[in-house]
Amino acid sequence: MDIRLIGAPLQIGAGQLGCEMGPSAYRIAGLTRALEDLGHRVVDTGNVTPAPLKEFSHPNPAVHHLAETVAWTEALTDAAYRESASAVPIFLGGDHAISAGTVAGMARRVAESGRPFFVLWLDAHTDCHTLETTRSGNLHGTPVAYFSGRDGFAGYFPPLSHAVPEENIGMIGIRSVDPAERAALEKSGITVHDMRSIDEHGVAVLLRAFLAKVQAANGLLHVSLDVDFLEPSIAPAVGTTVPGGATFREAHLVMEMLHDSGLVCSLDLVELNPFLDERGRTATLMVDLAASLMGKRVMDRPTRAG
Ligand code: ARG
Ligand code: MN
Ligand code: MN
Ligand code: MN
């Protein structure tokens with residue numbers, strides 16, 4: 001398979017600085033090599049440069065770094081569309097605000113194929129605030145509202161060529177939802193599986209049902225993996241840890257099932273903050289999860305000495 005790595009060193013969407021170092025950490029942790037070892041052809045396209053800044057102010061005084069986020073969204077929408085013409089793009093975040101652009105660009109790409117477009121959001125958070133409802137003003141909490149076509153982004157963010165229908169969005173791992181997000185989700189068609197749902201049913205059951213829906217529609221699937229989907233004790237390098245996340249095996253199982261489905265067209269790796277990491281272990285785990293999604297199996301893992 002042809003894979004393109006696309007660095008998206010955006011950090012001002014998060015409340016804490018450091019995600020800017022994410023793309024470097026994935027490269028240093030050996031992402032290219034891990035994918036090549038699976039037989040893929042990998043091209044690292046380097047890092048995206050944001051579009052020129054336009055000045056904006058928003059009536060919600062909490063909102064910060066709107067102009068920068070919009071500039072990145074523009075550039076990433078273009079990059080996602082361009083690099084997905086004949087390859088599977090992997091977007092190296094960067095905070096989760098990058099997904100406003102990566103998903104918008106992929107939606108445009110997949111629309112050309114005539115197949116419906118689906119998004120799997122693996123996250124502790126639902127990131128479905130609008131510019132009006134966010135209280136932190138951290139725009140990594142807003143990409144889902146943007147790419148699903150909710151109101152209030154027009155005049156700020158680039159117009160969407162193809163909004164993602166709410167019915168085509170599935171979320172797994174959720175355990176931190178703000179009141180305004182909860183209210184929006186109750187009225188929406190988004191499928192939300194919180195951690196309790198994983199506890200009760202097992203993640204395989206939930207994911208199998210979602211994949212069956214994508215398959216039945218002959219769809220293509222974008223996967224957005226936030227580091228905080230994972231249990232913080234195995235993945236400390238994120239500014240928004242929430243206890244009780246997916247375990248090592250749950251996360252790998254999700255990736256392995258996604259691989260077997262053959263439905264994945266693109267992947268975001270987001271929210272890695274290397275400044276908060278412990279000897280690179282979170283970056284290494286994220287690389288290993290990406291490898292599982294791209295075909296690495298349990299039986300391919302040699303015993304490590306020592
Ligand atoms: N809901 C909170 C907020 O809007 C947290 C968002 C965390 N998002 C993330 N991509 N880590 O501030
Ligand atoms: Mn600023
Ligand atoms: Mn997120
Ligand atoms: Mn999150």
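As shown above, the structure is provided for reference.
Everything numeric here is computed off the predicted structure, so don't read it as measured data.

Student: Describe the sheet that holds strand S6 (residues 191-194), naming the residues involved and giving the relevant values.
Tutor: An order of S2-S1-S3-S8-S7-S4-S5-S6 is seen for the 8 strands of this open sheet, with the pairing classed as parallel. Across the chains shown, the open sheet's two edge strands, defined by having one partner strand only, are strand S2 (41-47) and S6. With direction set aside, neighbouring strand axes in the sheet form an average angle of 15°. Summarising the sheet, strand S4 (residues 117-122) and strand S7 (residues 220-226) pair through 6 bridges and their orientation is parallel. Residue Trp-121 lies in a different strand from S7, and its bridge partner there is Ser-224.

Student: Now, about the pattern of salt bridges: what can you tell me, with residues and values included?
Tutor: Summed over the entire model, instances satisfying the criterion amount to 13 salt bridges. Across the pair Glu-256 and Arg-249 runs a salt bridge whose closest N-O atoms are separated by 2.8 Å. Note on Glu-256: relative accessible area 13%, which makes it buried. Arg-249 gets classed as partly exposed once you look at its relative accessible area, which sits at 38%. Note that Arg-297 is salt-bridged to Asp-300, the shortest N-O span being 3.0 Å. For Arg-297, a relative accessible area of 52% translates into the label exposed. Given a relative accessible area of 30%, Asp-300 falls into the partly exposed group. Connected through salt bridges with shared partners, the residues Arg-4, Arg-82 and Glu-83 form a single ionic network.

Student: How would you sum up the coordination of the manganese ion (ligand 3)? Please name residues and give values.
Tutor: Around a metal, the ideal angle is 109.5 degrees if four donors adopt a tetrahedral arrangement and 90 or 180 degrees if six donors adopt an octahedral arrangement. Surrounding the manganese ion (ligand 3) are the protein donor atoms His-96 (ND1), Asp-123 (OD), Asp-127 (OD) and Asp-226 (OD), at 2.0 to 2.2 Å. Each donor residue of the manganese ion (ligand 3) lies on the same chain, and together they follow the pattern H-x26-D-x3-D-x98-D. A separation of 3.2 Å is found between the manganese ion (ligand 3) and the manganese ion (ligand 4), which share Asp-123 as a coordinating residue. Pair noted here: His-96 is in the loop between strand S3 (88-93) and helix H4 (98-113) and Asp-127 is in the loop between S4 and helix H5 (143-147), with a separation of 31 residues, a long-range link. Accessibility classification places His-96 together with Asp-127 in one group, the buried group.

Student: I'd like to hear about the pairing of S7, residue by residue, with values.
Tutor: In terms of burial, S7 is a largely internal element, 7 of the 7 residues being buried. Where burial is concerned, the two faces of S7 agree: the one with Leu-220, His-222, Ser-224 and Asp-226 and the one with Leu-221, Val-223 and Leu-225 are both buried. Summarising the sheet, S7 and strand S8 (residues 264-270) pair through 6 bridges and their orientation is parallel. Directly across from Asp-226, in S8, lies its bridge partner Val-270. For the handedness criterion, the β-α-β arrangement of S7, helix H9 (residues 248-261) and S8 is classed as right-handed.

Rules used throughout
Counting of residues starts from 1 at the beginning of each chain's written sequence and follows it residue by residue. Lettering of chains starts at A and numbering of ligands starts at 1, both following the order in which they are written. Note on the predicted model: pLDDT of at least 70 is required for a residue's local features to be given, and 80 or more for side-chain atom pairs to be given and counted; whole-chain, interface and lining totals, by contrast, use all residues. Heavy atoms from the whole structure form the basis of all side-chain values; hydrogens and water molecules are not counted. For two strands to be treated as a pair, DSSP must find at least two bridges joining them. Each helix is a run of DSSP H or I of at least 4 residues and each strand a run of E of at least 2, with the numbering of both proceeding from the N terminus. Note on geometry: axes are C-alpha line fits, over the in-contact stretch for helices, and angles between N-to-C directions span 0 to 180 degrees. Salt-bridge detection follows one rule: a side-chain nitrogen of Lys or Arg within 4 Å of a carboxyl oxygen of Asp or Glu. Burial here depends on accessible area, computed with a 1.4 Å probe over protein chains only, as a share of the maximum for the residue type. Under 20% is buried, over 50% is exposed, and the range in between is partly exposed. Water is not among the atoms examined, so metal sites may look incomplete; donors are the N, O and S atoms within 2.8 Å of the metal, or within 3.2 Å for Na, K and Ca. Note on handedness: a clockwise path from strand one over the helix to strand two, with the strands aimed away from the viewer, defines a right-handed crossover.

Remember, this is a structural readout, not a statement about activity or role.
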